[in-house]
Amino acid sequence: PGTPAGCIERFFIDHRHQGKGYGRTALQRILDRLCGERGCQTVSIRYMPFNDGAANLYENVGFVQESTEERWGDVTAVYRPASPSEPAPENTGG
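Cut-offs applied
- Residues numbered from 1 in each chain as written.
- Predicted model: local features only at pLDDT ≥ 70, side-chain atom pairs only at ≥ 80, totals over all residues.
- Heavy atoms only, no water.
- Buried < 20%, exposed > 50% of the residue type's maximum accessible area, 1.4 Å probe, protein only.
- Helix = DSSP H or I, 4+ residues; strand = E, 2+ residues; numbered from the N terminus.
- Arc of directions from axis to C-beta.
- Contact = heavy atoms within 4.5 Å.
- Disulfide = S-S within 2.5 Å.
- Pairing = 2+ DSSP bridges.
- Right-handed = clockwise from strand over helix to strand, strands pointing away.
- Core = buried A, V, L, I, M, F, W, Y, C linked by side-chain atoms within 4.5 Å.
- Salt bridge = Lys/Arg side-chain N within 4 Å of Asp/Glu carboxyl O.

Student: So what's going on with helix H2 (residues 52-61)? Which residues, and what values?
Tutor: Taken as a whole, H2 has its buried residues at Ala54, Leu57, Tyr58 and Val61. The buried side chains of H2 occupy one side of the element, clustering within an arc of 95 degrees when seen end-on. Summarising the geometry of H2, the exposed residues directed more than 90 degrees from the buried face are Asp52 and Glu59. Of the surrounding elements, those touching the buried residues of H2 are helix H1 (22-37), strand S2 (42-47) and strand S4 (75-79). Positive backbone phi, at 125 degrees, marks Gly62, one or two positions downstream of H2.

Here is the structure:
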């Protein structure tokens, strides 16, 4: 068995509800569950490179861009908690 890892293939918040903190809250809860309860040491997420809102959200939560898929152009970013048992950090900024 390898290192526990999670993957979020796509993450959407309806455009009518964006900018209200729902995405940040939901993403932090997902990370808490994957890293805290499931023991994932990395969580990857994919998004389109033109989606600046998604890129900013993921970066603010702690994801780091790692690669861009050549065929479709999807960006992959990876989140690594400080410790596999710690929940996702609370980030109330930006």
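Once you've had a look at it, read on.
Student: Please provide a residue-by-residue account of the state of the cysteines, values included.
Tutor: Enumeration over the complete set of coordinates arrives at 0 disulfides. No disulfide involves Cys35; its nearest neighbouring cysteine sulfur is the one of Cys40, lying 6.0 Å away. Residue Cys35 is classed as buried on the basis of its relative accessible area of 1%.

Student: Just give me the short version of the pairing of S2, but keep the residues and values in it.
Tutor: Across 4 bridges, the pairing between strand S1 (residues 5-8) and S2 is parallel. Within the sheet, the bridge partner assigned to Ile8 lies in S2 and is Ile45. Regarding topology, H1 serves as the crossover connection from S1 to the parallel S2, and that connection is right-handed. Bridge analysis of S2 against S4 gives 5 bridges, and the strand direction is antiparallel.

Student: I'd like to hear about the nonpolar core, residue by residue, with values.
Tutor: Core analysis: the largest hydrophobic core is formed by 18 residues, its most contacted members being Phe11, Leu27, Leu31, Val43, Ile45, Tyr58 and Phe63. If you list the elements that add at least two residues to this core, you get H1, S2, H2 and S4.

Student: Give a description of the pattern of salt bridges that names residues and reports values.
Tutor: All told, the structure shown has 6 salt bridges when counted by the stated rule. Arg10 serves as the salt-bridge partner of Asp74, at 2.9 Å between the closest nitrogen and oxygen. One end of the pair, Asp74, is in the loop between strand S3 (64-68) and S4; the other, Arg10, is in the loop between S1 and H1, with 64 residues separating them in the sequence. Taking the relative accessible area as the measure of exposure, Arg10 reaches 35% and is therefore partly exposed. As a salt-bridge pair, Arg46 and Asp74 come within 2.8 Å of each other at their nearest N and O atoms.

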